[in-house]
Amino acid sequence: MRPGRLLLTLYIGVIVVVFVAGGLFLSFQVAKGVPAEELRGMAKHVVGNLARWRDDPARLRAELDELSEARVAASLYGPDRRLIASNVTPPLPIGSGEDQPRWSVVREVRDGGRVIAIGCVHMRHPDLRRAAGPIAILAAMMILLVLVIARQVGVPLQRIAGAARRFGRGDLAARAGLHRNDELGEVGRAFDEMADRVTKLMTAQRELMANVSHELQTPLARIQVAVDLMVDGIDDRVKELLPEISRDLGEVERLIDDVMTLSRFDLAHTQGTTVAAPLHREAVAIADLVETAASRFRAQHPGRALVVAVAPALPVLPLDPVLVRRVIDNLLDNARKYSDADAMIGISASPAGRGVSVAVADRGIGIDAADLAQLFTPFFRTDRSRTRSTGGVGLGLVLARRVIEAHGGTIAVDSEVRCGTTVRFELPGPGPAGLAPRTG
Ligand SMILES: Nc1ncnc2c1ncn2[C@@H]1O[C@H](COP(=O)(O)OP(=O)(O)OP(=O)(O)O)[C@@H](O)[C@H]1O
Ligand SMILES: [Mg+2]
């Protein structure tokens, strides 16, 4: 995976910290100075060399100048402790250990046990004051970097945590609202998208509850009136109302059934693979299904012209016959409800790959292009259809889509206002295992 921007910043931060820490470590090493052992060894060599030239002032001066260039201060004294030569002013003292400046060594040069010269050598340590500037800048950079990283990570994390807490408390409008191009931005956006989906889902659930309650109100109120009349003993009026009550009860039952089926599909959808789609599949000859639906429709609406066109040799498919029949019934019912009584309705079934394509067409009122996108929203009914006293609550197409998609198929609506509507669904062919045709 390519490292994101935040990770890159962290990497750079770590590298800078390592460099700064290394720089500081080296500075401290330098400040600690040359180890005493080495200093003593070097001093022995330097003083011995100087003592060799104690009687040759020119050569001695040249040696001292050379040492000076190497940042080594040296002073050479005679056995009587009188200064012979020095490359620093004032010359280095030959005091006792405590008087000695740090990093300086005094050595006696002997010849046959007799002291012939005393040398004092001082290593001038590098000027730490000059390094103090860059060290301070590096340290400041390090602190700044730590602060920037802490801010970059901490602030957005706090925002996401705050939004999550508010959302958890029921504030559905709570969002992280991070506009960043790094991993934290991604986390923020993921949270917001999740919150959007959950909000939509909850709103849809609330709307569903409100709509179901609303749709139940009218038939239940009518049933209540009838029951009141019964209580009052007005039997004639009750007899008149009985067919209506029966229709109302049928409506209530259908509504409850639709909502329950819908909930089962939604549950299967939201819980992913843990709950199977509520399908009871068996091998179904789709041609039979279409023919049966057409016969039922003709029986219920003898006055309506229905043209059936079923292609020969349609496949047998693994379907839930009850649910697919319900889809076809709803499409035929819609075609009837939303077209004039003398308008023709058509149902056709044809092969589509290894599956089938079923289309129900009418020459009715049609659907506005703007409404097409909402047709599969629960309880949506177009204004055009509401003006007709056709009944219906707006769940048929939602259910149809859930059923067809649960079978792995697709459903689409093609419509033109005042010209008519065609709803077509396609069901895929059987899997490699296939299914034996239903018998009986
Ligand atoms: N063939 C059609 N012609 C015109 N409008 C249609 C047609 N089919 C559906 N619609 C519009 O789409 C809406 C939703 O259809 P759907 O079948 O879901 O609900 P319904 O028929 O109103 O009620 P239900 O099917 O739940 O009894 C309808 O109310 C109607 O406005
Ligand atoms: Mg319908």
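Owing to the predicted nature of the structure, the values given are computational and were not obtained by experimental measurement. (Residues numbered from 1 in each chain as written. Chains lettered and ligands numbered in written order. Predicted model: local features only at pLDDT ≥ 70, side-chain atom pairs only at ≥ 80, totals over all residues. Heavy atoms only, no water.)

1. Here we look at the overall build of the protein chain
Threshold: By the criteria applied, helices consist of DSSP H or I runs no shorter than four residues and strands consist of E runs no shorter than two, each listed in order from the N terminus. Contacts are assigned to residue pairs with any non-hydrogen atoms lying within 4.5 Å of each other. In these tables, accessible area is a Shrake-Rupley quantity obtained with a 1.4 Å probe, and a residue counts as shielded only by the protein chains included in the view.
Helix and strand counts for the protein chain come out as 11 helices and 11 strands. Contacts in the protein chain between residues far apart in sequence, at least 24 positions, make up 62% of those at least 6 positions apart. Accessible surface, the protein chain as shown: approximately 26400 Å² in total, 58% of it carbon and sulfur.

2. Topic: the packing of aromatic side chains
Selection criterion: Pairing of aromatic side chains requires ring centres within 6.5 Å, counting the rings of Phe and Tyr and the six-membered ring of Trp. Pairs whose planes differ by under 30 degrees are stacked, by over 60 edge-to-face, and all others tilted. Three exposure classes are used, based on accessible area relative to the maximum for each residue type with a 1.4 Å probe and protein chains only: buried under 20%, partly exposed in between, and exposed over 50%. Definition used: whenever NZ (Lys) or CZ (Arg) falls within 6 Å of the ring centre and also within 35 degrees of the ring normal, the charge is taken to sit over that ring.
Evaluation of the coordinates by the stated rule reveals 1 aromatic pair. Residues Phe167 and Phe191 carry aromatic rings whose centres are separated by 6.2 Å and whose planes lie at 80° to one another, so their mutual orientation is edge-to-face. Here Phe167, found in helix α4 (residues 128-168), pairs with Phe191, found in helix α5 (residues 183-232); they are 24 residues apart in sequence, far enough to count as distant. Across the pair, exposure class does not vary: Phe167 and Phe191 are buried alike. For the cation-ring pair, Arg59 lies above Trp53, with the distance from its terminal atom to the ring centre recorded as 4.2 Å. Directly above the aromatic system of Phe376 lies the positively charged group of Arg401, at a separation of 4.7 Å from the ring centroid.

3. A word on the packing of helix α7 (residues 286-300) against helix α8 (residues 321-337)
Rules: Axis geometry follows a simple rule: fit a line to the C-alpha atoms, using only the stretch in contact for helices, then measure angles between N-to-C directions, giving values from 0 to 180 degrees. For classification purposes, angles smaller than 35 degrees are called roughly parallel, those larger than 145 roughly antiparallel, those between 65 and 115 roughly perpendicular, and all remaining angles oblique. Crossings are assigned a handedness: left-handed for a near helix turned anticlockwise from the far helix by less than a right angle, right-handed for a clockwise turn. Residues were grouped as follows: Ala, Val, Leu, Ile, Met, Phe, Trp, Tyr, Cys and Pro as nonpolar; Asp, Glu, Lys and Arg as charged; and all remaining residues, including Gly, as polar.
Contact geometry for α7 and α8: axes closest at 10 Å, N-to-C directions at 45°. Overall, the two elements α7 and α8 adopt an arrangement that is oblique. Pair α7 / α8 crosses with right-handed handedness. On the side of α7, the interface is formed by Leu289, Val290, Ala293, Arg296 and Phe297, while α8 contributes Pro321, Val324, Arg325, Ile328, Asp329, Leu332 and Arg336. Within the contact of α7 with α8, the residues separate by chemical class into 8 nonpolar, no polar and 4 charged.

4. A few points about the confidence of the model for the protein chain
Regions with low pLDDT should not have their predicted coordinates read in detail. Definition in use: The quantity known as pLDDT measures the predictor's confidence residue by residue, on a range of 0 to 100.
In this model, the protein chain carries a mean pLDDT of 85, and residues with pLDDT of at least 70 account for 88%. Low pLDDT, under 50, characterises residues 433-440; the predicted model gives this stretch 8 contacts beyond four residues in sequence or across chains.

5. Examining the coordination of the magnesium ion (ligand 2)
Heads up, the rule is: Atoms are scored as donors when they are N, O or S and lie within 2.8 Å of the metal, with 3.2 Å used for Na, K and Ca; no water is included, so coordination may look incomplete.
At 2.2 Å from the magnesium ion (ligand 2) lie its protein donor atoms, namely Asn330 (OD1) and Asn334 (OD1). Of the two residues, Asn330 and Asn334 both sit in helix α8, 4 residues apart, roughly one turn of that helix. A relative accessible area of 13% places Asn330 in the buried class.

6. Some points on α8
So the rule is basically this: Helix span, as expected, comes to 1.5 Å for every residue beyond the first. Polar contact is defined as a pair of N or O atoms within 3.5 Å, subject to the rule that within protein one atom must be able to donate a hydrogen and the other to accept it, and that residues adjacent in sequence are counted only when both atoms are side-chain atoms.
A rise of 1.5 Å per residue sets the reference length of α8, with its 17 residues, at 24 Å; its end C-alpha atoms lie 24 Å apart and thus fit the reference within 8%. Within the span of α8, buried status applies to Pro321, Leu323, Val324, Val327, Ile328, Asn330, Leu331, Leu332, Asn334, Ala335 and Lys337. Structurally, the start of α8 carries an N-cap: the backbone nitrogen of Val322 is 3.2 Å from a side-chain oxygen of Asp320.

7. Re the sheet that holds strand β10 (residues 410-416)
Definition in use: Whether two strands pair depends on DSSP finding at least two bridges between them.
Ordered in space as β6-β8-β9-β11-β10, the 5 strands form an open sheet in which the pairing is mixed. In this open sheet, the two strands that pair with only one neighbour each are β6 (306-310) and β10. Neighbouring strand axes in the sheet, compared pairwise and without regard to direction, differ in orientation by 15° on average. Where strand β9 (residues 355-362) and strand β11 (residues 420-427) come together, 7 bridges link them in antiparallel fashion. By the bridge assignment, Ala359 is partnered in β11 with Arg424. Seen against the sheet, α8 touches β6, β8 (345-352), β9 and β11 and runs at an angle of roughly 170° to β11.

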